[in-house]
Amino acid sequence: MLDIIHKRYKLSLSSNKKMKNLKGHKVNIPNSVIEKCWDIYSKRYRQVELNLKSPSTKTNQNLHSTGAYQITEKQAQSLTEDKIFKYYLKNKNGLLIKLKSKYLLRGKNYFPGYSKENYSAKSKIIFSRLIEMLELAGNLNKNTNLILYLSLLDYIKNYLLICLYAINLLIREFKIEHEIISKHDYLCFIKLIQLIEDIYVTSCLEETPHLAPELSNFTGLISRIEKFIGHYGQLLTRNERLSLDLFRKIRECNNPERLMSFADMVSNSYFSINSLIISLEYGGIELPFMVNALRNYKGKNMVRGLTVNLSSYSTKNSDFVQSLDDIVNPFTLPVFSDDLRSIVILDDSVTTGRTLERLVGMLPDSISTINFAAVSFTNTNRFHHLTRKKHGGINPYIVEGSLFAYRSNFVSTYTKSSYTNKNGVFDKEKYKIIKLLKGL
Amino acid sequence: MIIAFDFDNTIARSTRYHRSGWDKVLSELKLGLSLDDLLPYEPNLKERFDSYRRIEEGFLTNPKLVNKISAYFRSTDKKLLARRLMSLKESFAISGVFSECLSDSLKTLAINFIPAVDLMKRNGFKLWVITSSKETIVSSLLQKCNLLDAFTLIAGEELMTDSHGALFDKPDPYITKKLKGKMDYYIGDNDEIDKEFARNCHAQFILADYKTDFLDIFNKLK
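Just so we're clear, the structure is a prediction, and the values are computed from it rather than from any experiment. (Residues numbered from 1 in each chain as written. Chains lettered and ligands numbered in written order. Predicted model: local features only at pLDDT ≥ 70, side-chain atom pairs only at ≥ 80, totals over all residues. Heavy atoms only, no water.)

### Re the overall build of chain A
For step 1, the next point in the chain: Scanning chain A from N- to C-terminus turns up 18 helices and ten strands.
For step 2, the next point in the chain: The C-alpha atoms of chain A give a radius of gyration of 21 Å, which matches the 22 Å a tight globule of 440 residues would have.
For step 3, the next point in the chain: Looking at chain A residue by residue over its 440 residues, the buried ones come to 59%.
For step 4, the next point in the chain: A separation of at least 24 residues holds for 81% of the contacts in chain A among residues at least 6 apart in sequence.
For step 5, the next point in the chain: Total accessible area computed for chain A in this model is approximately 18900 Å², and 49% of it derives from carbon and sulfur atoms.
For step 6, the next point in the chain: In chain A, 62 positive and 40 negative side-chain charges are present, and the distance between their average locations comes to 6 Å. (Helix = DSSP H or I, 4+ residues; strand = E, 2+ residues; numbered from the N terminus. Rg over C-alpha atoms; globule rule 2.2 N^0.38 Å. Buried < 20%, exposed > 50% of the residue type's maximum accessible area, 1.4 Å probe, protein only. Contact = heavy atoms within 4.5 Å. Areas by Shrake-Rupley, 256 points an atom, 1.4 Å probe, with all protein chains shown as cover. Lys, Arg positive; Asp, Glu negative; His and termini not counted. Charge placed at Lys NZ, Arg CZ, Asp CG, Glu CD.)

### As for the overall build of chain B
For step 1, the next point in the chain: Secondary structure assignment for chain B yields ten helices and five strands.
For step 2, the next point in the chain: Across its three principal axes, chain B shows a C-alpha extent of roughly 55 × 35 × 30 Å.
For step 3, the next point in the chain: Going through the 222 residues of chain B one by one, you find that 53% of them count as buried.
For step 4, the next point in the chain: Long-range pairs, those at least 24 residues apart, make up 63% of the contacts in chain B with a sequence separation of at least 6.
For step 5, the next point in the chain: Summed over its atoms, the accessible surface of chain B is roughly 10200 Å², and 51% of this surface lies on carbon and sulfur atoms.
For step 6, the next point in the chain: Treating the 33 positive side-chain charges of chain B as one cloud and the 32 negative ones as another, the clouds have centres 2 Å apart.

### Section: the confidence of the model for chain A
For step 1, the next point in the chain: Mean pLDDT over chain A stands at 89; residues scoring 70 or higher make up 93%.
For step 2, the next point in the chain: Predicted confidence for residues 1-15 of chain A stays below pLDDT 50, and this span has 22 contacts to residues more than four positions away or in other chains. (pLDDT = per-residue confidence, 0-100.)

### Things to note about the nonpolar core
Residues and elements named next belong to chain A.
For step 1, the next point in the chain: Within the largest apolar cluster, 100 residues are counted, with the highest numbers of intra-cluster contacts made by Tyr88 and Phe189.
For step 2, the next point in the chain: Sort the elements by how many residues they give to this core and helix 8 (residues 146-173) lands first, with 21 residues.
For step 3, the next point in the chain: Beyond its immediate sequence surroundings of up to four residues, Phe189 is in contact with Leu160, Cys163, Leu164, Ile167, Leu221, Ile222 and Ile225. (Core = buried A, V, L, I, M, F, W, Y, C linked by side-chain atoms within 4.5 Å.)

### Section: empty space enclosed by the protein
Residue and element names in this part refer to chain A.
For step 1, the next point in the chain: For the coordinates displayed, the defined rule picks out seven cavities of 30 Å³ or more.
For step 2, the next point in the chain: Reported here for the largest cavity is a volume of approximately 210 Å³.
For step 3, the next point in the chain: Lining the largest cavity are 20 residues, and of these Glu252, Cys253, Arg258, Asn409 and Asp427 sit closest to its centre.
For step 4, the next point in the chain: Per-element tally for the lining of the largest cavity: the top contributor is helix 18 (residues 428-438), with three residues. (1 Å grid on protein atoms, 1.4 Å probe; cavity = no way out; pocket = protein on both sides within 12 Å on 5 of 7 lines; lining within 4 Å. Points joined across faces, edges and corners; volume = space filled by probe spheres on them.)

### Focus on the side chain of A:Ser42
For step 1, the next point in the chain: For A:Ser42, the location among the structural elements is in helix 3 (residues 38-49).
For step 2, the next point in the chain: One polar contact links the side chain of A:Ser42 to the main-chain carbonyl oxygen of A:Trp38, over a distance of 2.7 Å. (Polar contact = N/O pair within 3.5 Å; in protein donor to acceptor, adjacent residues only side chain to side chain.)

### A closer look at the environment of B:Pro63
Residues and elements named next belong to chain B.
For step 1, the next point in the chain: Within the secondary structure layout, Pro63 lies in helix 4 (residues 63-73).
For step 2, the next point in the chain: Overall, the relative accessible area of 58% leaves Pro63 in the exposed class.
For step 3, the next point in the chain: Through-space distance from the C-alpha of Pro63 to that of Phe5 is 40 Å; in sequence the pair is 58 residues apart.

### Comments concerning a nonpolar patch on the surface
Residues and elements named next belong to chain B.
For step 1, the next point in the chain: Among the surface-exposed residues, Leu102, Leu106 and Ile114 lie close enough to one another that they form a single nonpolar patch of about 230 Å² accessible area.
For step 2, the next point in the chain: Residue placement: Leu102 occurs in helix 6 (residues 102-108).
For step 3, the next point in the chain: The exposure class of Leu102 is partly exposed, given its relative accessible area of 43%. (Patch = residues over 30% accessible without salt bridge, like charges linked within 9 Å, V, L, I, M, F, W, Y side chains within 5 Å. Salt bridge = Lys/Arg side-chain N within 4 Å of Asp/Glu carboxyl O.)

### Observations regarding the pattern of salt bridges
All names here are of chain B.
For step 1, the next point in the chain: Using the criterion set out here, one finds 30 salt bridges over all chains in the structure.
For step 2, the next point in the chain: Arg53 is the salt-bridge partner of Glu57, the closest N and O atoms lying 2.9 Å from each other. With Glu57 and Arg53 both in helix 3 (residues 52-59) and four residues apart, this pair spans about one turn of that helix.
For step 3, the next point in the chain: The partly exposed category is assigned to Glu57, whose relative accessible area is 45%.
For step 4, the next point in the chain: Under the relative-accessibility criterion, Arg53 is labelled partly exposed at 36%.
For step 5, the next point in the chain: Linking Lys79 and Glu56 is a salt bridge whose minimum nitrogen-to-oxygen distance equals 3.3 Å. With a gap of 23 residues between them, Lys79 in helix 5 (residues 78-99) and Glu56 in helix 3 connect regions that are remote in the sequence.
For step 6, the next point in the chain: Of the residues examined, Glu56 reaches a relative accessible area of 22% and is grouped as partly exposed.

### Observations regarding the sheet that holds strand 7 (residues 342-349) of chain A
Within a sheet, neighbouring strands are paired by backbone hydrogen bonds and run either parallel or antiparallel to one another.
Residues and elements named next belong to chain A.
For step 1, the next point in the chain: Read from one edge to the other, the open sheet built from five strands follows the order 6-5-7-8-10, with strand pairing classed as parallel. Only two strands of the sheet have a single neighbouring strand rather than two, namely strand 6 (305-308) and strand 10 (403-406). Adjacent strand axes in the sheet meet at a mean angle of 20 degrees when their direction is disregarded.
For step 2, the next point in the chain: The pairing of strand 7 with strand 8 (residues 369-376) spans seven bridges and is parallel. If you follow Ile343 over to strand 8, its bridge partner there is Ile370.
For step 3, the next point in the chain: Running at roughly 155 degrees to strand 10, helix 13 (residues 256-267) makes contact with strand 7, strand 8 and strand 10 of the sheet.
For step 4, the next point in the chain: Together, strand 5 (275-280), strand 6, strand 7 and strand 8 form the strand contacts of helix 14 (residues 287-297), whose direction differs from that of strand 7 by roughly 115 degrees. (Pairing = 2+ DSSP bridges. Axes fitted to C-alpha atoms, helices over the stretch in contact; angles between N-to-C directions.)

### Some words on the interface of chain B and chain A
For step 1, the next point in the chain: Residue-level contacts link 22 residues of chain B with 22 residues of chain A.
For step 2, the next point in the chain: Where chain B abuts chain A, roughly 1800 Å² becomes buried across the two surfaces, and 57% of that area is made up of carbon and sulfur atoms.
For step 3, the next point in the chain: On the surface where chain B and chain A come into contact, there are one salt bridge.
For step 4, the next point in the chain: Its salt-bridge partner being B:Glu90, residue A:Arg44 comes within 3.4 Å of it at the nearest N-O pair.
For step 5, the next point in the chain: For the interface between chain B and chain A, the tally reads eight residue pairs in polar contact (both at pLDDT 80 or more).
For step 6, the next point in the chain: Secondary-structure elements contributing two or more residues to the side of chain B that touches chain A are helix 4, helix 5 and helix 8 (135-144) of chain B.
For step 7, the next point in the chain: The leading source of residues in the side of chain B that touches chain A is helix 5 of chain B, at eight residues. (Buried area = accessible area lost by both parts, 1.4 Å probe.)

### Considerations on unusual backbone geometry
For step 1, the next point in the chain: The step from A:Glu281 to A:Tyr282 runs through a cis peptide bond, and the omega angle for that step is 10 degrees.
For step 2, the next point in the chain: Position of A:Tyr282 relative to the elements: it lies in the loop between strand 5 and helix 14.
For step 3, the next point in the chain: Notably, A:Lys390 is not glycine yet its phi reads approximately 70 degrees, a positive angle.
For step 4, the next point in the chain: With respect to the helices and strands, A:Lys390 occurs in the loop between helix 16 (383-386) and strand 9 (393-394).
For step 5, the next point in the chain: Backbone geometry places B:Asn112, a non-glycine residue, at a positive phi of 55 degrees.
For step 6, the next point in the chain: Residue placement: B:Asn112 occurs in the loop between helix 6 and helix 7 (113-122).
For step 7, the next point in the chain: Its relative accessible area of 31% is what places B:Asn112 among the partly exposed residues.

Here it is, written out as structure tokens:
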């Protein structure tokens, strides 16, 4: 049975590649060196890229190219009694996108950050949907359709991750004056995200909805989170940049198949007992949870994980962020225990390596091993990006010693003055999503 | 006029970057031996101290070492392992260049090298580096010292290697087939290899090392 599951989801039973220690290696190679030695660097990048899957690789027919679950009209006809589908149809303007002969199970409400409304209106959408969906998920029966169930979990974890980003941002940037959110609540919230990921992975791999009636018990916690964010309303209205960024528009790296494939690869790697996973927000925010869900499924120990953000609105310049304490949620402090020796850094993609280098520079000397893995990598089509002033490219030795699952969705550059192609597109998948949303 | 320079010990006292790169390799692989054990001094050595031949002899003949190195790189192919070792050393050497302070990097350069380069450029000379070291290491040090843009061409080990992986090191003039233009002078520290290389490339040879005042070299050339 497991063999069939592994084949179907192309899970690897063992990993051929071992993550190499990047400690002591220069992460970002300056742009002028990249340009001078482009023949050499591009060959090395290409060797790695050749062994990665194409981003358009798809084994699940119920998955749209934008990462949304989908069902055909014909399938929908037999699902009219399904509780989840009834809920979607009742709220079809927000929750579904109807194409010619199919329904995409990610509607405009999946991307609340994309709407032109203020943060308060966005917050209302997120929390009302989240509470509805948790209640729904906690009251399903075993006849629930698997694809619909996975799409519901997809919605829930999307909202939870949007909230996690918002909570982390607010707690880092503003002093918590009142105990509206306690450390206990925050840690419960983290556990909820992990629970959803665990249920999702199990349902996916066993091809049957793994129900969790306890999910409806979390609605009280969600209400407290909503109140916490609302508490900062006045401060947010004074800080336009922060309020615009509070709920991010589109999360890169939310394609279920790619996430699963990547997390499977990483979860096969050896993690010493004194390890910590650090992932980079916003693109990498889900990764520690997904990796731990796969580890849990395989009977391995969970590894402590946390997410960091190298942008700082307080200082307005990530160059001034010098301490890891400034980029993590204070509820996760202390970050480093005395016996911590190994860190695995996860991200959705890497190009110049500057962010990775900055993060590595903040780690204490006591860390002896630093490994890196990202969902996607392609640098050979980004020459103008890498050779742009102050950019550069990631050290190919680090690329060769890290784990990647897919080639990236990024377009080929044509000029040093823009990250996009001539049509103004940077990320092909993101562009498709924006086109779909604009059509609504 | 095209002036080509050798790199190691000619325009830069660069041995320490290579040695520290190798020291870090040994530390990373936990081989328990020193560099002098694995790449021992040979008098009258007519090749790089860390040539692939010497790497294979030094690192890949002792079965215990081979086991450790094979386990680290997950391969048993000796040619591949030699390249992987070199690649690891390359990355550590580059990291060594970028992690030290600028004044230490500048002290690595030959006497009056920067003003000499400036004068050569002002006088319309085209400047090349032709070396058996890795192009990436050379470019990194020159970039660190803000000299990279002064050189039209950096040709290193990579350009001396053919498509089958065979290395055609100096004094073989193989590399000249890949170059656009012909050098007029070759400046190097080895009176045998660099001199023969210059002769094979139909260029004039100037003997100089990092202790030479390069303003004197410029005065000879102008």
